[in-house]
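The primary structure of each chain is shown beneath.
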Amino acid sequence: CLNGLFGLGVNATMPGMAGDIQRSYANTEFGRVHYWEIGQGSVLFMFHQSGQTSTEFLAVAPLLADTYKVVAIDLPNHGQSDTSDHELTIDEYADAVIDVMDSMGINQAHMLGQHGGAAVVINLGLRYSERVEKVILSGAGRDEEITEEKLEELLNTPMTRDLPIDLEGEFLQKTWSVYRKMSASNTPPEVTFQPFLSSLSLRQRRYDLHYAVYRYSPNLNEFNKETLLLEAEEDIYAGDVKGLQQRIKGSIYKTVPNCGSWQFFEQPELHAQIIREFLD
């Protein structure tokens with residue numbers, strides 16, 4: 001149990017991941033933030049997508065640990081981190097990350113963000129440029145400008161977490177159906193089960209990252225980080241990643257085969273190879 005270990009590190013093996021890791025909490029402006037780390041070398045922070053947790057990177061992190069110090073965070077309102085007392089903005093999610101970096105004594109790091117986590121990385125690169133080295137944005141394509149009408153539509157579109165819990169468990173079947181559609185066609189069901197399970201636990205949380213991402217419209221003309229853009233071949237929520245390449249000057253675009261929205265669960269070895277090639 002991690003309760004009562006505030007501010008301390010604990011050696012542990014996370015479920016589904018081989019190797020020793022260090023699990024800790026950091027004090028932030030928005031409550032305790034849980035994170036884990038593995039490996040040594042240049043620091044690489046990883047940020048999960050909306051409605052998920054740091055478990056998204058359990059399979060890929062050990063494959064990088066011989067070269068990089070990989071740090072995966074449960075953003076506020078996700079995983080084992082605290083629930084904030086209000087719905088956070090992307091600025092506030094990024095501020096929480098800076099608090100974690102400060103508590104760890106890390107001045108600068110490479111950063112990887114998946115879907116909504118990519119918005120946090122972009123914000124960090126714009127507002128805390130001196131703290132960010134190379135950047136990997138995965139499935140981060142979106143409209144250049146979201147109209148007020150489109151934003152209102154997004155904010156009022158129910159998500160699987162909004163499905164009412166019924167006696168027959170129909171909400172479970174509906175959620176599973178969505179998560180299978182988000183998987184690649186050849187993804188085994190036991191792999192889809194991992195993000196599916198995370199989504200069920202997050203139904204109990206008051207907020208998550210989705211709405212903050214919808215409301216965030218960064219000026220990418222000012223984003224000057226060396227950037228790799230990843231698009232999983234079967235990711236139905238990746239958006240217009242090629243369009244994003246046009247907006248981020250000098251960015252590199254790469255398609256990842258045999259992956260859906262859960263690409264770091266689905267193809268960890270391939271992603272470790274891609275990450276190494278870009279960061280080395």
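Right above here is the structure, for reference.
Below you will find a few notes about this structure. (Residues numbered from 1 in each chain as written. Predicted model: local features only at pLDDT ≥ 70, side-chain atom pairs only at ≥ 80, totals over all residues. Heavy atoms only, no water.)

1. Describing the pairing of strand β4 (residues 42-47)
Within β4, five of the six residues are buried, which leaves the element mostly enclosed by the surrounding structure. Of the pairings in the sheet, the one linking β4 to strand β5 (residues 68-73) comprises six bridges and is parallel in character. Counterpart to F45 in the pairing with β5 is V71. Judged from the four bridges that link them, β4 and strand β6 (residues 109-114) form a sheet pairing that is parallel. From the neighbouring strand, M46 faces β6, where its bridge partner is L112. (Buried < 20%, exposed > 50% of the residue type's maximum accessible area, 1.4 Å probe, protein only. Helix = DSSP H or I, 4+ residues; strand = E, 2+ residues; numbered from the N terminus. Pairing = 2+ DSSP bridges.)

2. Quick word on the packing of helix α4 (residues 170-181) against helix α5 (residues 189-202)
One can describe the packing of α4 onto α5 by two numbers: an axis separation of 10 Å at closest approach and a directional angle of 125°. By the criterion of interaxial angle, the relationship of α4 to α5 is oblique. For the pair α4 and α5, the sense of crossing is right-handed. Contacts between α4 and α5 involve L172, T175, W176, Y179 and R180 on the former and, on the latter, P189, T192, F193, P195, F196, S199 and L200. In the contact of α4 with α5, the residues fall into eight nonpolar, three polar and one charged. (Axes fitted to C-alpha atoms, helices over the stretch in contact; angles between N-to-C directions. Parallel < 35°, antiparallel > 145°, perpendicular 65-115°, else oblique. Left-handed = near helix turned anticlockwise from the far one by under 90°. Contact = heavy atoms within 4.5 Å. Nonpolar A, V, L, I, M, F, W, Y, C, P; charged D, E, K, R; others polar.)

3. Comments concerning the packing of helix α1 (residues 90-104) against helix α2 (residues 116-127)
One way to put it is that α1 packs onto α2 with a least axis distance of 9 Å and a crossing angle of 75°. Looking at the two axes, α1 sits roughly perpendicular to α2. Contacts from I90, D91, Y93, A94, D95, V97 and I98 in α1 reach A119, V120, N123, L124 and R127 in α2. For the contact of α1 with α2, a count of residues per class yields eight nonpolar, one polar and three charged.

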